[in-house]
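# Coordinates in review
Chain residues, written in single-letter form:
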Amino acid sequence: MKSQLITDNRQLTTLRERDAKHIWHPLTQHKTHPEVIPIVKAKGSVLYGEDGSEYIDGIASWYTSMYGHCNDYVIGKVYDQMQQLDQIVFSGFTHEPAIELSEKLMKVLPSNQQKVFFSDNGSTSTEIGIKMALQYHHNKGNQRDTILAFEEAFHGDTFGAMSASGLSVYNGPFEDHFIKVVRVPIPTKGNVANVLKQLEELVIDHNIAGFIYEPLVQGAAGMKMYKAEHLEPLLEVCKQHEIICIADEVMTGFGKTGTHFASDQISVKPDVICMSKSLTAGLIPMAVTSCTQQIYDAFYSNDMGKGLFHAHTYTANPLSCTAAIAGVELLLSESIQNAIKNINVSHIQFGRSVEDHSKVTNIRVQGVIFAFDLNIEMERYGALRDQLFDHFKSEGVFLRPLGNTIYILPAFTILSKELDAIYNSIKVLLGKV
Ligand SMILES: *Cc1c(COP(=O)(O)O)cnc(C)c1O
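What counts and how
Residues numbered from 1 in each chain as written. Predicted model: local features only at pLDDT ≥ 70, side-chain atom pairs only at ≥ 80, totals over all residues. Heavy atoms only, no water. Helix = DSSP H or I, 4+ residues; strand = E, 2+ residues; numbered from the N terminus. Rg over C-alpha atoms; globule rule 2.2 N^0.38 Å. Buried < 20%, exposed > 50% of the residue type's maximum accessible area, 1.4 Å probe, protein only. Contact = heavy atoms within 4.5 Å. Areas by Shrake-Rupley, 256 points an atom, 1.4 Å probe, with all protein chains shown as cover. Pairing = 2+ DSSP bridges. Axes fitted to C-alpha atoms, helices over the stretch in contact; angles between N-to-C directions. Salt bridge = Lys/Arg side-chain N within 4 Å of Asp/Glu carboxyl O. Phe/Tyr/Trp six-rings, centres within 6.5 Å; stacked < 30°, edge-to-face > 60°. Lys NZ or Arg CZ within 6 Å of the ring centre and 35° of its normal. Core = buried A, V, L, I, M, F, W, Y, C linked by side-chain atoms within 4.5 Å. Disulfide = S-S within 2.5 Å. Polar contact = N/O pair within 3.5 Å; in protein donor to acceptor, adjacent residues only side chain to side chain.

## Notes on the overall build of the protein chain
Helix and strand counts for the protein chain stand at 14 helices and 16 strands. Over its C-alpha trace the protein chain gives a radius of gyration of 22 Å, about what one expects of a compact globule, namely 22 Å for 433 residues. Viewed in the frame of its principal axes, the protein chain has a C-alpha envelope of about 60 × 55 × 50 Å. For the protein chain, with 433 residues in total, the buried portion stands at 49%. Sequence separation of 24 or more characterises 70% of the internal contacts of the protein chain that already satisfy a separation of 6 or more. Total accessible area on the protein chain stands at roughly 20,800 Å², and carbon and sulfur atoms take up 53% of it.

## Some points on the sheet that holds strand β14 (residues 369–374)
Taken together, the 3 strands give an open sheet; going across it, the order is β13-β14-β16, and neighbouring strands pair in antiparallel fashion. Looking at strand neighbours, the two that pair on one side only are β13 (360–366) and β16 (405–408), the edges of this open sheet. Shown here is a sheet whose adjacent strand axes are inclined to one another by a mean of 15°, direction ignored. Taken together, the 5 bridges between β13 and β14 define a ladder with antiparallel strand orientation. Opposite Thr-361, over in β14, you have Asp-373 as the bridge partner. Along the sheet, helix α12 (residues 334–354) contacts β13, β14 and β16; its crossing angle with β13, the most-contacted strand, is approximately 170°. Strand contacts of helix α14 (residues 416–432): β13, β14 and β16, with the helix running at about 165° to β16, the strand carrying the most contacts.

## Re the pattern of salt bridges
In a structure, side chains of opposite charge can pair up when their charged atoms sit close to one another. According to the stated counting rule, one finds 12 salt bridges in the structure shown. The partner of Glu-329 in a salt bridge is Lys-104, with the nearest N and O atoms 3.2 Å apart. Placement of the pair is Glu-329 in helix α11 (residues 318–332) and Lys-104 in helix α5 (residues 96–108), with a sequence separation of 225 residues. Exposure remark for Glu-329: the relative accessible area of 23% places this residue in the partly exposed category. The salt bridge involving Asp-271 is made with Lys-239; its shortest N-O contact spans 3.1 Å. One end of the pair, Asp-271, is in the loop between β10 (244–248) and β11 (272–275); the other, Lys-239, is in helix α9 (residues 228–240), with 32 residues separating them in the sequence. Judged by relative accessible area, which is 8%, Asp-271 ranks as buried. Each of Lys-77, Glu-100, Lys-104 and Glu-329 takes part in salt bridges that share partners, so that together they form one network.

## A short note on the packing of aromatic side chains
This structure, assessed with the given rule, holds 14 aromatic pairs. Relative to Phe-211, the ring of Phe-150 lies with its centre 5.3 Å away and its plane at 85°, an arrangement referred to as edge-to-face. Residue Phe-150 is found in strand β5 (residues 146–150), and its partner Phe-211 is found in strand β7 (residues 208–213); the two are separated by 61 residues along the sequence. Through a chain of ring-to-ring contacts, three or more aromatic side chains come together here, namely Phe-150, Phe-211, Tyr-213 and Tyr-226. The ring of Tyr-296 carries the charged tip of Lys-115 above its face, separated from the ring centre by 4.3 Å.

## Things to note about unusual backbone geometry
Of note, the phi angle at Phe-254 is positive, near 65°, even though the residue is not glycine. Relative to the helices and strands, Phe-254 is located in the loop between β10 and β11. Its relative accessible area of 1% is what places Phe-254 among the buried residues. Phi angles above zero are rare outside glycine, and Ala-316 is one such case at about 55°. Among the structural elements, Ala-316 can be located in the loop between α10 (293–297) and α11.

## Notes on the environment of Val-192
With respect to the helices, strands and loops of the structure, Val-192 is situated in helix α8 (residues 192–205). Here Val-192 falls in the buried class, since its relative accessible area comes to 17%. Along the chain, Val-192 and Leu-234 lie 42 residues apart, while their C-alpha atoms are 8.7 Å from each other. With near-sequence residues (within four places) excluded, Val-192 lies in contact with Pro-187, His-230 and Pro-233.

## Remarks on the nonpolar core
One finds Leu-105 and Phe-150 to be the most contacted residues of the largest nonpolar core, which totals 99 residues. A total of 9 residues in this core trace back to one element, the largest contributor, which is α11. If near-sequence neighbours (up to four positions away) are discounted, Phe-150 is found in contact with Ala-164, Val-184, Pro-185, Ile-186, Pro-187, Phe-211, Ile-212, Tyr-213, Gln-218, Tyr-226, Leu-231 and Leu-234. Among the nonpolar cores identified, the runner-up in size contains 19 residues, and Ile-246, Val-272, Cys-274 and Cys-291 belong to it.

## Quick notes on the state of the cysteines
In total, this model carries 0 disulfides according to the counting rule given. You can see Cys-245 has no disulfide; the closest cysteine sulfur is in Cys-238, sitting 4.6 Å from it. Not part of a disulfide, Cys-291 finds its nearest cysteine sulfur in Cys-274, a span of 11 Å.

## So, the side chain of Thr-405
Mapped onto the secondary structure, Thr-405 falls in strand β16. Judged by relative accessible area, which is 5%, Thr-405 ranks as buried. There is a polar contact of 2.8 Å between the side chain of Thr-405 and the side chain of Asp-373. Beyond its immediate chain neighbours, meaning those up to four positions away, Thr-405 contacts Gly-222, Arg-364, Ala-371, Phe-372 and Asp-373.

What is shown is where atoms sit, not what they do.
Here you go:
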């Protein structure tokens, strides 16, 4: 039996074949999409394939590696930390990297934020935000059991986060098990008065504890952008009714919208902010949910049961915290701040150069995020995703279009020749569609 296994392993020569044997990939229907691309190395904005192929990473691997893959500064700091303290229970113990990170985050977060609660990933950060809102009211003796969210939102794949996300193929099978959520559309110039009216009715008919929203840009919905001035009146209504405002900045946080946080551009500040993805510079998973003193105080009590009894084993892992400290230091550096401005200018210029194309519609730019919609007939949607992905792959570019939306969200450190190659791959596509 043993020798049989060894022979099997020898026969499975490529990474792709060995992968297919035991691995179940996320967001993948293995029957129709058996192909995966083995990557053996990543540096800066380049991904290196097992077969010698190279791809420019146009979305910073889901907006995590914003300072480039395998960033030497981040790696160096984490390597040093590894020699000192690797992991410790964060209930009853504390350590320098967590404390330093909390201090660093206070310097970049909106000034009303006072406390940070650690977890592992974006979904847990929003899950904790939702729990903070529900338990805040529970602790105060208020009967509030419902969360308000935007239609087409995406907040993650755990149950609270799924419940608050717009219905789709991701969460559809679990709909009967969701927590109570009511929804309104994202506000635009045309509908804001109507959305406000809907919100005011919902506030009367339901016991809303919290409002979770992706500020300025809804990522997974297709980089849908909306304006601060249209969100502000909704947030004001929430504040008037003591509805806890939870900004899900898992995607928008840490410079991507042109400011440290998208909430910096919105006059009404959130009570709770969820962070993950590029928080740790793409090196190690971690998340933080920050909140105001007012939220924290509602849990501060002689009554044990009023505490926030949520923990993950790797909470505030010292290595993750160190990666996050390095990330915030890089974010604040002059070179990264300049890069953010330069990428924004390049995106605007590129947008102008394609705006008259008949297949290009709804060009939008926010910070380093560029998106447009392909003006293509609906019937072709299903196959379109694969066609687009294959096109960019053949151009040596990794982009991951969302439906008919093509977006770029590059690392701040992308070289201008790499960014030009991405733009060019889009121009080549427009010549074909
Ligand atoms: C990615 C994302 C999440 C979920 O984060 P995970 O780390 O994938 O669990 C939640 N909210 C937003 C806005 C995201 O972009």
